[in-house]
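Notes for the structure review
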Amino acid sequence: MQLFIVSNQSRTYYFTNNNNQHFNFNADEQFLPVYEWADENNKKISNLDEFSEVFLPKCKLGKMISRYMVLVASEQKLLIMRPYQIYAVNAIMSCIEENRGNGYIWHTTGSGKTLTSFKASTLLKDNPDIEKCMFVVDRKDLDYQTMKEYDNFEKGCANSNTSSNILQKQLNDPADSKKIIITT
């Protein structure tokens, strides 16, 4: 896994090492897969010195590589999360660890909500206090699409279902090793 940083001192970007095909303009996403860092208020941190102070400390860099990168094996593509996705994952984790109730993520189409939910789910499933992690979507086609994306990120990591009976069995079966459930 490789993470690159490029800068001209006033503009700084980060991105993963991928094949040339993954650096082509993606009309669906409307941007190249290079990102600027931002703070929690979405204020861009473009200056190289400021960027280095917040992005390059060993612990931060280690987390970026170990927690916020995903290999899409089927496409041989390495993804790295954008700042707002990382802040969302951390907010979800904090909310659950502090038992502060429920929440939701709202963002535009193509913003990376599925990747955000995947990373939050996979980090949460490693917590021994969490029995199951459910990702609830509002329609069946999104259920299928989400399951397909999760499988692209990590084959077989989640269960989907086609009925309430199957969902109930997935929730109650301690032998079911899949801790992530995608459902409507």
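Residues numbered from 1 in each chain as written. Predicted model: local features only at pLDDT ≥ 70, side-chain atom pairs only at ≥ 80, totals over all residues. Heavy atoms only, no water.

As for the overall build of the protein
What the protein contains, in helices and strands, is six helices and nine strands. Computed over the C-alpha atoms, the radius of gyration of the protein is 18 Å, within 12% of the 16 Å expected from 2.2 N^0.38 for a compact globule of 184 residues. Taken along the three principal axes of its C-alpha coordinates, the protein extends 60 × 40 × 25 Å. The buried share of the protein, taken over its 184 residues, is 36%. Considering only contacts within the protein whose residues lie at least 6 apart along the sequence, 56% involve residues at least 24 apart. In the protein, which carries 21 positive and 22 negative side-chain charges, the distance between the mean positions of the two groups comes to 2 Å. (Helix = DSSP H or I, 4+ residues; strand = E, 2+ residues; numbered from the N terminus. Rg over C-alpha atoms; globule rule 2.2 N^0.38 Å. Buried < 20%, exposed > 50% of the residue type's maximum accessible area, 1.4 Å probe, protein only. Contact = heavy atoms within 4.5 Å. Lys, Arg positive; Asp, Glu negative; His and termini not counted. Charge placed at Lys NZ, Arg CZ, Asp CG, Glu CD.)

Digging into a nonpolar patch on the surface
On the surface, Met1, Ile65 and Leu71 cluster together into a nonpolar patch covering about 290 Å² of accessible area. Secondary-structure assignment places Met1 in the segment before strand 1 (3–7). Judged by its relative accessible area of 59%, Met1 is exposed. (Patch = residues over 30% accessible without salt bridge, like charges linked within 9 Å, V, L, I, M, F, W, Y side chains within 5 Å. Areas by Shrake-Rupley, 256 points an atom, 1.4 Å probe, with all protein chains shown as cover. Salt bridge = Lys/Arg side-chain N within 4 Å of Asp/Glu carboxyl O.)

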